[in-house]
Structure formats: structure tokens, C-alpha cells
Amino acid sequence: MPKDKPFDFHKVAKPYFVVPWHFHPEIEIMLITKGKGTRFIGDSIEHFEPYDLVMVGPNLAHVWKNNHHLEAGNNQTAECIYILFTENSFGPDFFKIPEMVPLRNLLTKSNRGIKFFGETKLSVAEKILKAHQQTGVPQFITFMEILHALSGSDEYELLSSIGFNGKIQASDLHRLNDVLDYLMKNFKAEVRLEEIAEIANMSSTSFCRYFKSRTNKTVFEFINEIRIGHAHKLLIETPYNMDQICFESGFKNVSSFFKQFKTVTGKTPSKFRQDHNERIF
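Because the structure is predicted, anything quoted here is derived from the model rather than measured.

Cut-offs applied
- In this convention, every chain numbers its residues from 1, walking through the sequence in written order.
- With the structure being a predicted model, the display of local features is reserved for residues of pLDDT at least 70 and the display and counting of side-chain atom pairs for 80 or more, all residues being used for whole-chain, interface and lining totals.
- Derived side-chain values reflect all non-hydrogen atoms in the structure, with water molecules and hydrogen atoms excluded from consideration.
- Strands here mean DSSP runs of E at least two residues long; helices mean DSSP runs of H or I at least four residues long; both are numbered from the N terminus.
- A helix is expected to span 1.5 Å multiplied by its residue count minus one.
- Per-residue accessibility, obtained with a 1.4 Å probe over protein chains only, is compared with the maximum for each type, and a residue is labelled buried under 20%, exposed over 50%, and partly exposed between these values.
- We call two N or O atoms a polar contact when they sit within 3.5 Å, provided that within protein one can donate a hydrogen and the other can accept it, with sequence-adjacent residues counted only if both atoms are side-chain atoms.
- Among buried residues, those of type Ala, Val, Leu, Ile, Met, Phe, Trp, Tyr and Cys that are joined through side-chain atoms within 4.5 Å constitute a nonpolar core.
- In what follows, residue pairs with any heavy atoms lying within 4.5 Å of each other are defined as contacts.
- What counts as a ring pair is set by centres within 6.5 Å for rings of Phe, Tyr and Trp (its six-membered ring), and what kind of pair is set by the plane angle: stacked under 30 degrees, edge-to-face over 60, tilted for all other angles.
- Whether a charge sits over a ring comes down to the Lys NZ or Arg CZ being within 6 Å of the ring centre and within 35 degrees of the ring normal.
- An axis is simply a line fitted to the C-alpha atoms; with a helix, the fit covers only the stretch in contact. Between two such axes, the angle follows the N-to-C directions and lies from 0 to 180 degrees.
- Relative orientations are named as follows: roughly parallel for angles under 35 degrees, roughly antiparallel for angles over 145 degrees, roughly perpendicular for angles from 65 to 115 degrees, and oblique for any other angle.
- The hand of a helix crossing depends on one turn: near helix anticlockwise from the far one by less than a right angle means left-handed, and clockwise means right-handed.
- For this classification, the nonpolar set comprises Ala, Val, Leu, Ile, Met, Phe, Trp, Tyr, Cys and Pro, the charged set comprises Asp, Glu, Lys and Arg, and every other residue, Gly included, is treated as polar.
- A pair of strands is labelled paired if DSSP reports no fewer than 2 bridges between them.

Peer 1: How should I be thinking about the environment of Lys 3 in this particular structure?
Peer 2: Here Lys 3 shows up in the segment before β1 (7–14). In the structure, Lys 3 is positioned 144 residues away from Leu 147 in sequence and 21 Å away in space, judged by C-alpha atoms.

Peer 1: It is not clear to me how helix α3 (residues 136–151) should be interpreted in this structure. Could you clarify?
Peer 2: The α-helix winds at 3.6 residues per turn, so residues separated by three or four positions along the chain end up facing the same way. Along its 16 residues, α3 runs 23 Å from first to last C-alpha, staying within 8% of the 22 Å computed at 1.5 Å per residue. When α3 is considered as a whole, its buried residues turn out to be Gln 139, Thr 142, Phe 143, Met 144, Ile 146, Leu 147, Leu 150 and Ser 151.

Peer 1: What's the story with the side chain of Ser 89 in this structure? I'm lost.
Peer 2: Within the element layout of this structure, Ser 89 appears in the loop between β7 (78–85) and α1 (101–109). Taking relative accessible area as the criterion, Ser 89 reaches 15% and is therefore assigned buried. A distance of 2.5 Å separates the side chain of Ser 89 from the backbone oxygen of Pro 6, its partner in a polar contact. In terms of polar contacts, Ser 89 uses its side chain to reach the backbone amide nitrogen of Thr 86, at 2.7 Å.

Peer 1: Help me understand the nonpolar core in this model?
Peer 2: Side chains that are nonpolar tend, in soluble globular proteins, to be buried together. Counting residues in each nonpolar core, the largest one holds 26 residues, and the members touching the most others are Phe 9, Ile 29, Met 55, Phe 85, Ile 128, Leu 147 and Leu 150. Going through the elements one at a time, β1, β2 (27–34), β5 (53–56), β7, α1, β8 (114–116), α2 (118–132) and α3 are the ones with two or more residues in this core. Each residue touching Met 55, except ones within four places of it in the same chain, is listed here: Ile 27, Glu 28, Ile 29, Phe 85, Leu 106, Leu 107, Ser 110, Gly 113, Ile 114, Phe 116 and Leu 150. Core analysis: the next-biggest nonpolar cluster, separate from the first, contains 25 residues, Val 63, Val 179, Met 184 and Phe 187 among them.

Peer 1: In this structure, what is going on with the packing of aromatic side chains? I would like to understand it.
Peer 2: Aromatic ring pairs: the centre-centre distance and the angle between the two ring planes describe each pair. This model, assessed by the stated rule, comprises 22 aromatic pairs. Measuring from centroid to centroid gives 6.3 Å for Trp 21 and Phe 40, while their planes differ by 50°, and the two rings are tilted. With Trp 21 in the loop between β1 and β2 and Phe 40 in strand β3 (residues 37–41), the pair connects residues that are 19 residues apart, well separated along the chain. With respect to burial, Trp 21 and Phe 40 carry one shared label: buried. Ring geometry for Phe 90 versus Phe 94: centroids 5.0 Å apart, planes at 50°, classification tilted. The ring centre of Tyr 210 lies 5.1 Å from the NZ or CZ of Arg 175, which sits over that ring.

Peer 1: Is there a simple way to think about the packing of helix α7 (residues 219–237) against helix α10 (residues 269–278) in this case?
Peer 2: In helix packing, the relevant descriptors are the interaxial angle and the interaxial distance, both defined with respect to the helix axes. Remark: α7 packs on α10, axes separated minimally by 9 Å, with the N-to-C direction vectors making an angle of 55°. The angle between the axes of α7 and α10 places the two elements in the oblique class. Where α7 crosses over α10, the two elements pack in a sense that is right-handed. The residues of α10 that touch α7, namely those facing His 232, Leu 234, Leu 235 and Ile 236, are Pro 269, Phe 272, Arg 273 and His 276. Tallied by class, residues from the contact of α7 with α10 come to 5 nonpolar, 2 polar and 1 charged.

Peer 1: Would you mind showing me how to read the sheet that holds strand β6 (residues 62–66) here?
Peer 2: Sheet strands line up and pair through hydrogen bonds in the backbone, either parallel or antiparallel. Spatially, β4-β3-β6 is the arrangement adopted by the 3 strands of the open sheet, whose pairing is antiparallel. The sheet is open, and its two edges are formed by β4 (44–48) and β6, each paired on a single side. For this sheet, the mean angle separating the axes of adjacent strands, direction not counted, is 20°. Pairing analysis gives 5 bridges linking β3 to β6, with the strands arranged antiparallel. Paired with Ile 41 across the two strands is His 62, which belongs to β6. With respect to the sheet, helix α4 (residues 173–186) is in contact with β3 and β6, its orientation differing from that of β6 by roughly 30°.

Below, the structure written as C-alpha cells:
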């Protein structure tokens, strides 16, 4: 973010999102306008699609990975608008005045990552698209309207778990990105721990400890959640039956698929599909 700007709007349009797993001191509001894939925020792993709207707090590791690994030659474009700002963007006391209590609470929640849905997502998306075309005072006013709408909404979910310790350091990012790229390309197959540890240049035992300390998940919990994220995509976008979705997502049997899906999402795959079909966005 430019040092002379208290907040900044950016638009990105590429064949697929290229930014690796990363974190930064700024708070980020991200609106996906085109593209589908898997979103990683802290220890949250979920499918994303157009009009996905999330807020990511400072120094919370995150990345959006497209499905280009799985859909070669699909000619899809990855497109987003994101906003960067900090708690001190408008001075150290701006968010401390009484009128800003709801916004201050919003900033606190963003430390775990927040996903918005329903009317909030639609109305805020319109404001983000509008603000991106503005400059000066009109853009500032719309930006404050965005924060006001988000802070007053009850249409949200916190993403990263309370227990997530956020121990990912800058020195970890290259290693974890290599591991993540490998898992995104190979999650449908039988993934061997030894192969993953070799990518990280570690023994299997050391890698397991290292990975759990950084992501708050075991390697195989992480892989299963990538598979569940892919199952989300298939449930939303295809008429596949549950057997097809199970095997297309890398699970070996349907009972394991159902168990893992409900553990991660709190719903059966059928209920997830039904709820999504009943919600336009």
C-alpha cells in the first residue's frame, strides 16, 4: 500500500491468481469477481467462486488458489478487487472514538478472517465496484459505507479457528507454498507422507510436527479439507451423484467421504447442495 494513502483499492485480472501464500500488516477486504478455486485463510480451507467476499486481518496468512491445475485450457480469468488499510490509516485514535465501536469490533473479528454472505455480500460488492471507480472524498465516503455495512451485519462466518496460533513466519512461506502446490495438484491421488516431506526437505517425523505447528492441522486433515473444498465445487456446479463426487474428490469410499464432509462443514453433502441451491448467492 502506498505510504501516502490511508487505504487503497486494487483490481487484479489474470489467467489465474499468482500471489503465493503470504501475509502482511494491512487489513484486506477481498471481493472475487471472476474465478473459482480454493481459499486458504489461517487454518480455514474453503471453495470460492464469484462474489466471494472476505475480510482478512493483519498478518493472517492467506492465499487464493484457482482450479487451473485441474482444468487446463479452460481459459477462465481470475479477477478480484481488494482493499488494503490498517488500524492506524486515519491516525492512532480514529477507531477508538465511541462512534467507531462497531468498526473496532469488526477489525478484531478480522483477526480470524470473516466470510460475508446474503444481502450484505451483494450490497457491499456493489459499493466496492463503485468505490473502485471513484477517487478522493467520494471514494473515502464509500469506503466508510463499506466498513459500516460490514460492521453492522450478522450475515458472516469467522473462518480461522480460535485455536489457530498463526505461527507461520516469512521464512516458512516458500516451503509451505511448494507443499501447497503439490497437494493442490495431487489431492485426487493417494498422497504419501514421505513424498510431501521430501518436498519440504525434511524427515517425515519432523515435517509432521512442523506442518501441524504452522497450520493447526495434520497433513492428512489438511488434504481432506482440500478434497472437501473440491467436493463443494462439484456439488455446486455439477449434477454428479454422491458416488461420483466422492471419487472425483479423492476419497476412496463414500462412507469416509460423508463422515469427513460432515466433520468439516457440519452438513451432509446432500444438505450442502440443497442449501446452496436455495440461496441465489
